[in-house]
Amino acid sequence: MIIKKRSIEHKYMGLKMLYHRLPKEHAMKPLINSRMLSAKAGIIGETIVEEIFEKYQFPYECRILHDVSLSSNGKFQMDTVFITPYGIVILECKNIIGELSFQNDPACLFRRLENGQEDTFESPEVQLNRNIYLLREWLKERGISLPVSGVIVFSTTKSKIIKSPKHIDVIYASSIPVYLRQLQTQKEYLFADQMDYLVKNIMESHQFYLPYPMCRNWRIDPIELITGVQCGKCESFGMERIKRTWLCTNCNFKDAHAHIKAIIEWFVLIGEKISNKECCKFLHIHQHQTATRIIQSMGLIRMGEGKSTKYKMNEKMLYGQKNIYVDRKNFIRS
């Protein structure tokens, strides 16, 4: 039974917004693009794993939660948590192609591509061991004693494992059903209602995290960003506000709602609040009354009065932009 699906990909969305708002010659653009591609690969891998759990059933009661963030002796994020009467399995999902070797001293994942390129990544073994330890501590704080184990899951067979870790299992995503069906079931620790109680505790403790604003996190001055409303057709910036709509002077495309994406990008990239004056400057609007109408039409959360009035984004607005920035099925097809 899948209890929690994966959250929308805030990190990837933020990186993509930042990338498109930076000038072509910006020094940080290549690095941001690299991180964006890495985040995209992670989404593909996690989606493949999620779809496997949607297709298969298991011969015992289970509860499945994707993308869980908790806090014990430190904050930790788990890709997939598989809860059974016999214990918990954490699945650490990776989508890294090439020849892969798990190295020690120091611990890392070494990758070699066909073209000879070599890269080093943080060790998934270390990540998973940390999550196992912290989840055990989280359970202990609540008086719960359960076996907790973990497995590293590579989403594609294009990940060729040359050297495996010594103490952690590594499997391909297609082997998840077989691997989990072979779990030890001699001792039962939880009944169905106890599993539901544990899930309820996890869901209540799950910490929703937004990695914004991106400019602050990347130490980029907001004045370096390209401002203006972006055309949804030709993608040029600087649409003009005319008669309650937006006109692209480059391709003559009109869109009455083009400002929505731009204002959401303000919140993701620049700050948690926006004033009327900041809205005018960012959207290239000359009339404060126009900015007021736009802000009020979006249902932003108003804070303060008079000249000190600012507006905060309703987090649900991000869900409306999900399909613009993230299409999991197209990711996999591409």
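Fair warning: this is a prediction, and the values are worked out from it, not measured in the lab.

**Points about the sheet that holds strand β6 (residues 108-112)**
Then, in step 1: Taken in spatial order, the four strands line up as β7-β6-β5-β9 in an open sheet, and their pairing is mixed. Lying at the two open borders of the sheet, with one neighbouring strand each, are β7 (118-121) and β9 (159-163). Strand-to-strand twist across the sheet, computed as the mean angle between neighbouring axes with direction ignored, equals 25°.
Then, in step 2: Bridging between β6 and β7 involves four bridges; their strand directions are antiparallel. Residue pairing for β7: F110 is matched across the bridge by T120.

**A few points about the packing of helix α8 (residues 276-283) against helix α9 (residues 288-297)**
Then, in step 1: Axis separation between α8 and α9 bottoms out at 9 Å; the angle between their running directions is 100°. Judged by the inter-axis angle, α8 sits roughly perpendicular to α9. Within the contact between the two elements, α8 uses N276, K277, C279, C280 and L283 and α9 uses H288, A291, T292, I294 and I295.

**Digging into the sheet that holds strand β3 (residues 75-84)**
Then, in step 1: Taken together, the six strands give an open sheet; going across it, the order is β1-β2-β3-β4-β8-β10, and neighbouring strands pair in mixed fashion. Across the chains shown, the open sheet's two edge strands, defined by having one partner strand only, are β1 (2-4) and β10 (169-172). Neighbour-to-neighbour, the strand axes of this sheet turn through a mean angle of 35°, independent of strand direction.
Then, in step 2: Relative to strand β8 (residues 148-154), strand β4 (residues 87-94) runs parallel, the two being bridged by seven bridges.

**Brief notes about the nonpolar core**
Then, in step 1: Among the nonpolar cores identified, the biggest contains 46 residues, and L18, L283 and L318 are the most heavily contacted of them.
Then, in step 2: Elements with a minimum of two residues in this core: α1 (10-21), α2 (29-55), α6 (214-217), α7 (258-269), α8, α9 and α10 (317-320).
Then, in step 3: It is α7 that contributes the most residues to this core, eight residues altogether.
Then, in step 4: In this structure L18 touches I32, M214, C215, W218, I220, L225 and L269, once residues within four positions along its chain are discounted.
Then, in step 5: Grouped together as the second largest cluster of nonpolar side chains are 30 residues, I88, L100, L109 and I132 included.

**Observations concerning the pattern of salt bridges**
If the charged atoms of two oppositely charged side chains come close together, the side chains can form a pair.
Then, in step 1: In total, this model carries 14 salt bridges according to the counting rule given.
Then, in step 2: Taking the shortest distance from any N to any O, the salt bridge between E92 and K94 comes out at 3.4 Å.
Then, in step 3: Judged by its relative accessible area of 17%, K94 is buried.
Then, in step 4: With a shortest N-O distance of 2.7 Å, E204 and K200 are connected by a salt bridge. Note that E204 and K200 are positioned in helix α5 (residues 192-205) at a spacing of four residues, about one turn of the helix.
Then, in step 5: When salt bridges that share partners are traced, they join R6, E46 and E50 into one network.

So, how was this worked out
Residues numbered from 1 in each chain as written. Predicted model: local features only at pLDDT ≥ 70, side-chain atom pairs only at ≥ 80, totals over all residues. Heavy atoms only, no water. Pairing = 2+ DSSP bridges. Helix = DSSP H or I, 4+ residues; strand = E, 2+ residues; numbered from the N terminus. Axes fitted to C-alpha atoms, helices over the stretch in contact; angles between N-to-C directions. Parallel < 35°, antiparallel > 145°, perpendicular 65-115°, else oblique. Contact = heavy atoms within 4.5 Å. Core = buried A, V, L, I, M, F, W, Y, C linked by side-chain atoms within 4.5 Å. Buried < 20%, exposed > 50% of the residue type's maximum accessible area, 1.4 Å probe, protein only. Salt bridge = Lys/Arg side-chain N within 4 Å of Asp/Glu carboxyl O.

In short, the description is geometric, and any link to function would need to be established separately.
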